[in-house]
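Coordinates in review
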Amino acid sequence: MTWLSWRQFRAQALVGVAALAVLAGYLLHLGVGIRDAEQTYRARCRAGGDCARALAEFQAGHQNTLLLLAALLALVPALIGVFWGAPLVARELEAGTHRLVWNQSVTRRRWLTVKLLVVGVAGAAATGLASLLLTWAAGPVDRVADDRFSTLVFGARNVAPVAYGVLAVTLGVVVGLLVRRTVPAMALTVLAFAVVQFVLPNLVRPHLMPPVTVDRPMTAEAINEARGLGDITGAPVVKGLTVPHAWVSDVSELRTADGRPLATDRFDHCFLDPPRTGATGTFGDTAQCLGALDLHVRMSYQPNERYWAFQWRESALCLAISALLAAFGLWRIRRVT
């Protein structure tokens with residue numbers, strides 16, 4: 001049964017191996033180039049003494065490329081689920097060839113279990129290799145950026161992509177088992193996995209561990225460190241606040257000294273018509289006006305030393321969902337006619 005499953009799957013596997021070979025060659029070339037560039041910038045740093053500027057230029061020179069590669073790696077599990085997982089059972093059910101196997105000595109559950117194991121292991125290996133190479137290639141830039149928790153970067157490094165690969169395969173197989181037609185199963189797998197890739201990083205990941213919560217005074221200097229003020233609803237919010245060596249998962253609205261949200265009219269006054277003081281900085285007079293109101297925000301963050309705990313917990317969650325999907329598939333297949 002294992003040999004038969006492999007023979008049915010080998011065409012997709014060969015295409016995947018060829019694509020991985022191309023990606024591996026590029027990532028190896030990129031990783032060597034990044035390390036050469038790092039040595040050049042560090043030599044400039046030692047010669048000129050302005051290390052912060054040199055390393056910032058080094059990071060900026062490779063950041064866009066690495067973000068595009070991280071987005072590409074996020075597509076790898078989705079493609080595996082669509083082209084490896086969804087057709088695996090749906091194609092058999094659509095063509096009716098499953099009846100031939102079931103009339104032999106192979107039980108339905110064993111048939112599905114072997115298919116899940118063969119393609120699941122292949123999916124884990126493919127995403128694991130891509131993740132390993134990208135993690136190695138991007139290592140010097142990641143150390144300088146110190147931003148390991150960002151949505152794209154976290155999901156494209158170390159062990160998390162492996163778990164997402166397994167989940168994509170299992171999801172595709174179960175969708176194919178339910179839909180029983182190959183093309184609709186592939187389309188539904190894309191939609192379902194897109195939902196997974198949005199929900200887990202944005203709604204689940206921040207709650208995998210209790211955050212550290214602190215109140216930060218919003219002085220004029222602190223406001224000038226932000227990336228933005230306000231939003232489309234006019235709420236008194238500060239955007240882009242950071243904590244060194246940490247992932248900021250939540251920032252409250254601006255609050256007064258007694259803990260109440262800042263009134264919208266007072267925020268609008270400072271934002272739209274602040275007293276003219278000639279202050280400098282990103283927000284100038286607006287920052288001075290807000291800073292004089294004795295405001296603060298409540299920030300929730302995860303220190304970077306929790307990174308591996310988050311990697312393992314999110315991976316375990318993906319594998320647990322995969323196990324539940326597999327169990328459902330093994331239960332459902334007994335009712336397929």
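Residues numbered from 1 in each chain as written. Predicted model: local features only at pLDDT ≥ 70, side-chain atom pairs only at ≥ 80, totals over all residues. Heavy atoms only, no water.

An unreviewed UniProt entry annotates the chain as ABC transporter permease subunit of Micromonospora sp. CCTCC AA 2012012.

1. Observations regarding the side chain of Thr-256
Within the element layout of this structure, Thr-256 appears in the loop between strand S4 (246-251) and helix H9 (264-272). Residue Thr-256 is classed as buried on the basis of its relative accessible area, which comes to 15%. Non-local contacts of Thr-256, meaning those with residues more than four positions away in its chain, are made with Leu-262, Asp-294, Leu-295 and His-296. (Helix = DSSP H or I, 4+ residues; strand = E, 2+ residues; numbered from the N terminus. Buried < 20%, exposed > 50% of the residue type's maximum accessible area, 1.4 Å probe, protein only. Contact = heavy atoms within 4.5 Å.)

2. Concerning the state of the cysteines
Per the counting criterion, the structure on display carries 1 disulfide. The disulfide that involves Cys-270 links it to Cys-289, with 2.0 Å between the sulfurs. Its torsion about the S-S bond being -60 degrees, the disulfide of Cys-270 and Cys-289 is classed as left-handed. A residue pair is termed long-range when its members are at least 10 positions apart, and Cys-270 in helix H9 and Cys-289 in helix H10 (residues 284-291) qualify at 19 residues. Take Cys-270 and Cys-289: they sit in the same class, and that class is buried. (Disulfide = S-S within 2.5 Å.)

3. Things to note about empty space enclosed by the protein
To find the voids left in a structure, one rolls a probe of water-molecule size over its atoms. Summed over the entire model, instances satisfying the criterion amount to 1 cavity of 30 Å³ or more. Considering only enclosed or pocket space, the largest cavity measures out at about 50 Å³ in volume. In terms of lining, the largest cavity is formed by Leu-23, Leu-27, Leu-69, Leu-72, Leu-73, Ala-130 and Leu-134. Counting residues per element, the ones that place at least two in the lining of the largest cavity are helix H1 (2-48), helix H2 (51-95) and helix H4 (108-145). Tallying contributions element by element places H2 first for the lining of the largest cavity, with 3 residues. Its residues assigned to classes, the lining of the largest cavity shows 7 nonpolar, no polar and no charged. (1 Å grid on protein atoms, 1.4 Å probe; cavity = no way out; pocket = protein on both sides within 12 Å on 5 of 7 lines; lining within 4 Å. Points joined across faces, edges and corners; volume = space filled by probe spheres on them. Nonpolar A, V, L, I, M, F, W, Y, C, P; charged D, E, K, R; others polar.)

4. Considering the UniProt feature "transmembrane region" (unreviewed entry) in the chain
Those residues carrying the UniProt feature "transmembrane region" (unreviewed entry) are residues 12-32, 66-90, 111-139, 159-179, 186-204 and 310-331 in this numbering. Structurally, residues 159-179 is divided into 95% helix and 0% strand, and its ends, taken at the C-alpha atoms, are 31 Å apart. A distance of 25 Å separates the end C-alpha atoms of residues 186-204, which is 100% helix and 0% strand. (UniProt positions renumbered as here; feature names shortened; annotations may be inferred.)

5. Let's talk about the sheet that holds strand S5 (residues 296-303)
In a beta sheet, neighbouring strands pair by backbone hydrogen bonds and run either parallel or antiparallel. Ordered by their spatial adjacency, 3 strands build an open sheet running S1-S5-S4, and the pairing between neighbours is antiparallel. A single partner strand is all that each edge strand has here, and the edge strands are strand S1 (212-217) and S4. The mean inter-strand angle of the sheet, taken between neighbouring strand axes irrespective of direction, is 40 degrees. With 5 bridges connecting them, S4 and S5 associate as antiparallel partners. Among the inter-strand pairings, Asp-250 is bridged to a residue of S5, identified as Ser-300. (Pairing = 2+ DSSP bridges. Axes fitted to C-alpha atoms, helices over the stretch in contact; angles between N-to-C directions.)

6. As for the pairing of S5
Within S5, 7 of the 8 residues are buried, leaving the element largely enclosed by the surrounding structure. Bridge count for S1 against S5 is 6 bridges, and the pairing is antiparallel. Each bridged residue has a counterpart across the sheet, and for Thr-213 the counterpart in S5 is Ser-300.

7. A short note on H10
In terms of residue burial, H10 counts as a mostly covered element, since 6 of its 8 residues are buried. Gly-284, Asp-285, Thr-286, Ala-287, Cys-289 and Leu-290 are the residues of H10 that are buried. Tucked into the core, H10 has its buried residues touching helix H8 (220-224), strand S2 (228-229) and H9.

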